[in-house]
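Residue-level listing of the chains:
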Amino acid sequence: MTFSPPRVKTLGMSQQFSKMKVGILGGGQLARMLIQQGQRLGLRMHVLCPGEEDPAALVTRHWHQGSPTKESDLRRFFAQVDVVTFESEFLDALQLQQVAEGTGTPLFPRPELMGKLQDRLIQKQLLEKYKITTSPFMEVSNRNQLDEALQKFPKGLVLKKRRFGYDGYGTFIVRNRQNASKVEGLLSEVKDGFIAESFVTFRRELALMAVRSINGEVSFLPLVESQQKDNRCFWVKGPLRHRSLGAITKKIKTLLGEIDYVGAIGFEFFDTAQGLVVNEVAPRVHNSGHYSLDALNSDQFTLHIKALLGMKLGTVELRKPGFAMLNLLGEMGGPPTWNLPPNLNLHWYGKSDNRPGRKMGHLTALGSGPQTALARLLKAKKEFHL
């Protein structure tokens with residue numbers, strides 16, 4: 001597996017940062033927070049998305065109406081900004097690479113890497129290459145391979161779409177051959193196929209954000225624990241210590257340098273008796289890093305933007321010994337209401353429609369320790385009616 005160097009021009013770092021035009025593909029909450037933090041750096045933040053009421057379009061006057069999947073819209077947008085990034089890796093990587101090369105406007109993380117990391121099979125192979133522990137896996141694209149996977153993983157397996165699966169979408173639990181018949185039809189319907197992973201016994205799920213600059217500087221945010229609710233992140237708390245952390249961050253740093261990765265990247269782990277096992281990798285800012293907006297001296301969104309522009313990342317420091325973040329998910333639908341308790345931070349995403357399971361915002365709290373901060377958020381959640 002090889003990674004080609006970028007063929008687009010690099011940024012002219014002699015240009016004043018205050019005049020830099022940074023483009024974001026996508027109009028959701030991740031783009032919204034990137035824009036808000038980029039504005040704090042004095043940058044001109046542009047966004048390409050369909051609607052002027054999209055969360056990101058609401059916070060910048062530089063809204064460009066269009067689709068991140070339409071080539072003509074992309075070319076027009078790329079031509080008007082100095083550098084581009086994205087909020088979701090589930091875009092056409094080849095199309096983006098051609099647009100970046102054609103306009104001379106760089107895109108980070110590089111589209112070649114986006115295309116590889118959005119494929120769970122290649123992602124797993126990459127982790128293996130750099131000796132970063134991940135769960136046993138194999139490719140599955142037909143019933144014979146599924147039967148082979150059941151023999152290889154007799155305790156059951158997790159079947160995941162290779163591409164475009166997230167928050168539990170495209171993920172199926174297969175415990176035996178009888179259970180496998182329920183998903184057999186999907187094997188021919190999903191053109192990119194699946195991977196099968198062995199069940200992993202773990203005591204908790206952890207996550208870590210890393211950021212690598214175009215200049216090669218690397219920063220790590222604190223290790224955190226996360227809890228899922230209906231396949232979506234419900235809360236995060238930290239910082240945590242782990243005996244495997246030093247070794248795995250060293251390997252991650254080597255990986256990012258070897259593939260010339262630029263920007264933020266999230267690693268999700270299972271905490272097992274054998275140490276940290278990588279579950280998935282997200283090549284972008286990530287829900288598990290939202291706490292950083294209030295808990296650290298520099299957040300994941302600011303660091304991501306600094307990385308694209310070659311600005312010094314600096315040392316990441318805690319504001320308090322403990323922190324927590326809680327996602328506010330739609331439950332009943334209808335207009336949301338709340339009574340915000342003091343000493344908490346509310347980040348509302350400005351979405352016009354509230355529906356069950358939708359991420360509407362998040363809360364953060366600081367405290368004397370992770371559990372103290374989380375307890376405050378769980379209590380405050382009762383004051384929100386979504």
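See above for the structure.
Residues numbered from 1 in each chain as written. Predicted model: local features only at pLDDT ≥ 70, side-chain atom pairs only at ≥ 80, totals over all residues. Heavy atoms only, no water.

1. Quick notes on the packing of aromatic side chains
Part 1: Taken as a whole and assessed by the stated rule, the structure comprises 5 aromatic pairs.
Part 2: Each ring, one from Tyr291 and one from Phe323, has its centre 4.2 Å from the other, and the planes form 5 degrees; the classification is stacked. Note that Tyr291 is positioned in the loop between strand E14 (275-282) and helix H10 (292-295) and Phe323 in strand E15 (residues 322-329), a separation of 32 residues in sequence.
Part 3: The class for Phe323 is buried, based on a relative accessible area of 1%.
Part 4: Seen in terms of ring centroids, Trp338 and Phe384 are 5.6 Å apart; in terms of plane orientation they differ by 20 degrees. Their pairing is stacked. Here Trp338, found in strand E16 (residues 337-338), pairs with Phe384, found in strand E19 (residues 384-385); they are 46 residues apart in sequence, far enough to count as distant.
Part 5: The exposure class assigned to Trp338 is partly exposed, which follows from its relative accessible area of 34%.
Part 6: The class of Phe384 is buried, set by a relative accessible area of 3%.
Part 7: Among the aromatic side chains, those forming a connected cluster through ring pairs are Trp338, Trp348 and Phe384. (Phe/Tyr/Trp six-rings, centres within 6.5 Å; stacked < 30°, edge-to-face > 60°. Helix = DSSP H or I, 4+ residues; strand = E, 2+ residues; numbered from the N terminus. Buried < 20%, exposed > 50% of the residue type's maximum accessible area, 1.4 Å probe, protein only.)

2. Focus: the packing of helix H2 (residues 71-78) against helix H3 (residues 93-103)
Part 1: Running from amino to carboxyl end, H2 crosses H3 at an angle of 40 degrees, the nearest separation of the two axes being 10 Å. In this view, H2 runs oblique relative to H3, as classed from their interaxial angle. Considering the relative orientation of H2 and H3, their crossing is right-handed. Taken together, the residues of H3 that come into contact with H2 (itself represented by Glu71, Leu74, Arg75 and Phe78) are Gln95, Leu96, Gln98, Val99, Ala100, Gly102 and Thr103. (Axes fitted to C-alpha atoms, helices over the stretch in contact; angles between N-to-C directions. Parallel < 35°, antiparallel > 145°, perpendicular 65-115°, else oblique. Left-handed = near helix turned anticlockwise from the far one by under 90°. Contact = heavy atoms within 4.5 Å.)

3. What about the sheet that holds strand E5 (residues 137-140)?
Part 1: Read across the sheet, 4 strands follow the order E5-E8-E6-E7 without closing on themselves; strand pairing throughout is antiparallel. In the strand order of this sheet, the two ends are held by E5 and strand E7 (171-174), each with one partner. In this sheet, neighbouring strand axes are inclined to one another by 25 degrees on average, regardless of whether the strands run parallel or antiparallel.
Part 2: Bridge analysis of E5 against strand E8 (residues 194-198) gives 4 bridges, and the strand direction is antiparallel. In the strand pairing of E8, Met138 is matched with Ala196.
Part 3: Each of E5, strand E6 (157-161) and E8 is contacted by helix H5 (residues 120-129), which is oriented at about 155 degrees to E5, the strand it contacts most.
Part 4: Strands E5, E6, E7 and E8 of the sheet are contacted by helix H6 (residues 143-152), whose axis makes an angle of about 165 degrees with E5. (Pairing = 2+ DSSP bridges.)

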